[in-house]
Amino acid sequence: MSVQPLPPSSSVQLSAGQVLLDPVSIIKELIDNAIDAHAKSVFIEISSNTLDVIQVKDNGYGINPDDRGIVGQRFCTSKIRCFEDLAEVGGTTLGFRGEALNSLIQLAGRVELTTRIEGETAAVKMLLSKESGSGRSVSTSWYEIWLLIHV
Ligand SMILES: Nc1ncnc2c1ncn2[C@@H]1O[C@H](COP(=O)(O)OP(=O)(O)OP(=O)(O)O)[C@@H](O)[C@H]1O
Ligand SMILES: [Mg+2]
């Protein structure tokens with residue numbers, strides 16, 4: 001399923017007012033996303049002061065090119081389309097609100113997301129920031145791992 005904005009009626013019902021407060025909650029959300037993307041491996045790098053580097057790489061299915069302009073915007077998710085879909089996804093996904101990446105961008109101010117999907121020859125690095133929203137992309141020759149988030 002592509003990443004789409006939830007209708008306002010559903011986002012109000014689902015909203016956790018989720019705020020990522022500390023490195024543990026950031027890493028937990030990124031691991032949840034990796035597992036939801038069927039990753040077999042997740043690599044976590046965190047600096048000893050827990051501030052300079054938080055980086056999570058996974059080899060799940062990555063983010064589709066069509067979704068790259070919207071990912072990271074609040075209440076945008078590929079996992080449900082409306083509140084009622086919760087009955088279907090129960091137990092099959094660790095997240096569904098479309099809030100975690102946006103909370104991370106709000107907290108960190110700037111997040112680098114590098115992704116490649118199967119069939120793409122090069123990965124794409126995106127700089128997600130509070131000011132620019134999701135968007136600006138640059139190609140990168142990095143191609144071994146399919147999704148990397150650097151906070
Ligand atoms: N590691 C990843 N691999 C592939 N797609 C991802 C990954 N992380 C995020 N995404 C895509 O970005 C979307 C937004 O992620 P985000 O964590 O903000 O929301 P969510 O997982 O849908 O819900 P929640 O806020 O409850 O975690 C996801 O729905 C998914 O489509
Ligand atoms: Mg998530």
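Attention in this report is confined to the structure presented alongside it. Because the structure is a prediction, the values reported are computed rather than measured.

Together, Val-42, Ile-44 and Ile-46 make up a nonpolar patch on the protein surface, roughly 210 Å² of accessible area in all. Within the secondary structure, Ile-46 is located in strand β2 (residues 42-46).

Looking now at unusual backbone geometry. Backbone geometry places His-38, a non-glycine residue, at a positive phi of 60°. Within the element layout of this structure, His-38 appears in the loop between α2 (23-36) and β2. Of the residues examined, His-38 reaches a relative accessible area of 57% and is grouped as exposed.

We now examine the packing of α2 against helix α4 (residues 100-108). It is the contact of α2 with α4, at a shortest axis distance of 10 Å, that shows an interaxial angle of 145°. By crossing handedness, the relation of α2 to α4 is classed as left-handed. Residues Ile-26, Glu-29, Leu-30 and Asn-33 of α2 pack against Ala-100, Leu-101, Leu-104 and Leu-107 of α4. A class-by-class count of the residues in the contact of α2 with α4 yields six nonpolar, one polar and one charged.

About the cut-offs
- Residues numbered from 1 in each chain as written.
- Chains lettered and ligands numbered in written order.
- Predicted model: local features only at pLDDT ≥ 70, side-chain atom pairs only at ≥ 80, totals over all residues.
- Heavy atoms only, no water.
- Patch = residues over 30% accessible without salt bridge, like charges linked within 9 Å, V, L, I, M, F, W, Y side chains within 5 Å.
- Areas by Shrake-Rupley, 256 points an atom, 1.4 Å probe, with all protein chains shown as cover.
- Salt bridge = Lys/Arg side-chain N within 4 Å of Asp/Glu carboxyl O.
- Helix = DSSP H or I, 4+ residues; strand = E, 2+ residues; numbered from the N terminus.
- Buried < 20%, exposed > 50% of the residue type's maximum accessible area, 1.4 Å probe, protein only.
- Axes fitted to C-alpha atoms, helices over the stretch in contact; angles between N-to-C directions.
- Left-handed = near helix turned anticlockwise from the far one by under 90°.
- Contact = heavy atoms within 4.5 Å.
- Nonpolar A, V, L, I, M, F, W, Y, C, P; charged D, E, K, R; others polar.

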